[in-house]
Amino acid sequence: MIASESQLAALAYALTDGKAQLTKAERAIVSEEVGFSAETLAAYRKQIHAGEDPLGEAFCALRSPEKRRGQGATYTPRSIVDAMVAWAVDETAKPVRIVDPGAGSGRFIFAAAKAFPDAELVAVEIDPLATIILRANAAVLKIADRLTVALADYRAFDLTRVDGPTLYIGNPPYVRHHDIKPVWKEWFGTTARSFGFPASGLAGLHVHFFLRTRQLARPGDFGAFITAAEWLDVNYGSVVRKMLADGLGGAALHVIDPKARPFTDALATGAITCFRVGNRPSQFTMRAVDSLDKLAPLSAGSAVEWSDIEAAPRWSALLRQAPLLREGEIELGELFRVHRGQVTGCNAIWIAGPEAEALPERFLFPSVTKARDLLSAGPNLDDATALRQVIDLPVDLDVLDPDERKAVRSFLKWARKMKADKGFIAQHRRAWWSVGLRAPAPILCTYMARRAPAFVRNHADARHLNIAHGLYPVQPLSEAALDDITRHLNETACMSSGRTYAGGLVKFEPGEVSRLRIPDVSSLGASA
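A.B. asks: What am I meant to see in the side chain of Thr446 here?
C.D. replies: Positionally, Thr446 belongs in strand β15 (residues 443–446). Here the side chain of Thr446 touches Ala454 through a polar contact of 2.9 Å, landing on its backbone nitrogen. If we ignore the near neighbours within four places in the chain, the residues touching Thr446 are Ala371, Leu374, Leu375, Pro453, Ala454 and Ile467.

Next comes the structure, spelled out in structure tokens:
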């Protein structure tokens, strides 16, 4: 039983027979006080030869998913690795070099090494414990002589030219943009724009790895990456979509349902993207898979014309075959407009605190400011007294009477001191001090959680910020009809109708809420 990271590092080094040339960072984590019997080492070697990954499993056991998430270290199940390598084997080109840009313990690089016994191997990994494990596995499998292990950030790693195709294969790390340093966001923007691609500072690390591959790869190279699937739809993912339509040469896309657990320690969709650099086919193979047993072969799927793909703002719609409406059923969007709540630009200012005590009461609006407000309310929000208040001042302050104007200007003096007038949202409003809350929606719903959305009747006439959606009828509906619709949505809405992000969060954009099914208005007796 491996009890610590230093013990795991010592075990990995012992499996190289002490012959691996370690970097300074790797040497620093190897414990020289830990010894292992010949029987223990032989048992580990036997497992590695059998295609198992005991060191990688020990790594995942020692570090919790939460801790590994900081570097995007989510290890890939063998069935996915095998399917992706099999796709590469079926390609006409045979690689002279294989590159895994976020190698972890080496599951991809070693499976590919077996499939292509003459190829040069390059494993890039930023974690020194993982690179020691890579060296150990290579030593046991007797391929250390053709493997280069680079303890480096893939975005800063360079490749020499080779005569022949390079296969890029692996699971680029998923790290959200909040945890990416500004210098790398600047690199991403500059590099993307050099290719004429849109660039967003909201892009996650896996998108950076796609871009670096586009930067390094040459015509004739090919590859397959598995990542979270959110880039199919979100604005920052447009750079990947543009790359696949351009020089990266998108060939196929297979999206795995989160219930199939493509990543063993996270409830998230997985998207396998296959590409042939400089050789975009006329059609793109697309497929949705609900079980890992159905994943192989990656040649399966429906052919979609690139003209249709490039015209689609969200690619997941091309994978989703909406079920036919049943008799007596309509889409929610036929009766409601779905609007995300207002963005304040700075909740610390515009959600009322002590500094707002002197403001006129008529400018303080009880509002849903967090999802918990709706989840704890149940099917009906009847009382707004527990809600926080949002300050919404008029654009024209000259309409205020002198006492009101004095209180408001005093508050705005403090708000300016806190630089509330300098934010992006504030500078793009008609007046920086006027949040512009929407009218109360009769039905509110959460839109991002690890559960299906909660729909709540808004009897308290609460306003809502952008953590919720408001459902506004396009025609008059009776209170009974609104109650029936809310009840039906809570009983039938499921997670599969939204978008699943890495970490298991499911997000429902207004369009996805609009496509939910409800009974026809006539069956509800819904006339006003």
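A.B. asks: Help me understand the packing of aromatic side chains in this model?
C.D. replies: Centre distance and the angle of the planes are the two values used to describe a pair of aromatic rings. Evaluated as defined, the whole model comprises 16 aromatic pairs. Between Phe210 and Phe225 the ring centres are 5.5 Å apart and the planes differ by 70°, which places this aromatic pair in the edge-to-face class. Of the two residues, Phe210 sits in helix α10 (residues 205–216) while Phe225 sits in strand β5 (residues 222–227), which places them 15 residues apart along the sequence. Of the two residues examined, Phe210 and Phe225, each falls in the buried class. Pairing Trp432 with Trp433 gives two aromatic rings, centres 5.9 Å apart and planes at 80°, and the pair type is edge-to-face. Of the residues examined, Trp432 reaches a relative accessible area of 13% and is grouped as buried. One aromatic cluster is present, built from ring pairs that chain together Phe210, Phe225, Trp231, Phe275, Phe284, Trp306 and Trp315. Between the NZ or CZ atom of Arg155 and the centre of the ring of Trp184, over which it lies, the distance is 4.0 Å. Its guanidinium or amino end placed over the ring of Tyr447, Arg340 lies 5.5 Å from that ring's centre, counting from NZ or CZ.

A.B. asks: How do you make sense of the nonpolar core when you look at a structure like this?
C.D. replies: The nonpolar side chains of a soluble globular protein tend to be buried, and buried together. Within the largest apolar cluster, 48 residues are counted, with the highest numbers of intra-cluster contacts made by Tyr168, Trp231, Leu232, Leu253 and Trp315. For this core, the secondary-structure elements that each account for two or more residues are β2 (120–125), α9 (182–194), α10, α11 (238–245), β6 (250–256), β7 (270–276), β8 (283–289) and α12 (306–311). For this core, the element with the highest residue contribution is α10, accounting for six residues. If you look at the next biggest cluster of nonpolar residues, it comprises 40 residues, including Ala119, Leu147, Ile272 and Leu292.

Basis of the calculations
Residues numbered from 1 in each chain as written. Predicted model: local features only at pLDDT ≥ 70, side-chain atom pairs only at ≥ 80, totals over all residues. Heavy atoms only, no water. Helix = DSSP H or I, 4+ residues; strand = E, 2+ residues; numbered from the N terminus. Polar contact = N/O pair within 3.5 Å; in protein donor to acceptor, adjacent residues only side chain to side chain. Contact = heavy atoms within 4.5 Å. Phe/Tyr/Trp six-rings, centres within 6.5 Å; stacked < 30°, edge-to-face > 60°. Buried < 20%, exposed > 50% of the residue type's maximum accessible area, 1.4 Å probe, protein only. Lys NZ or Arg CZ within 6 Å of the ring centre and 35° of its normal. Core = buried A, V, L, I, M, F, W, Y, C linked by side-chain atoms within 4.5 Å.

In short, the description is geometric, and any link to function would need to be established separately.
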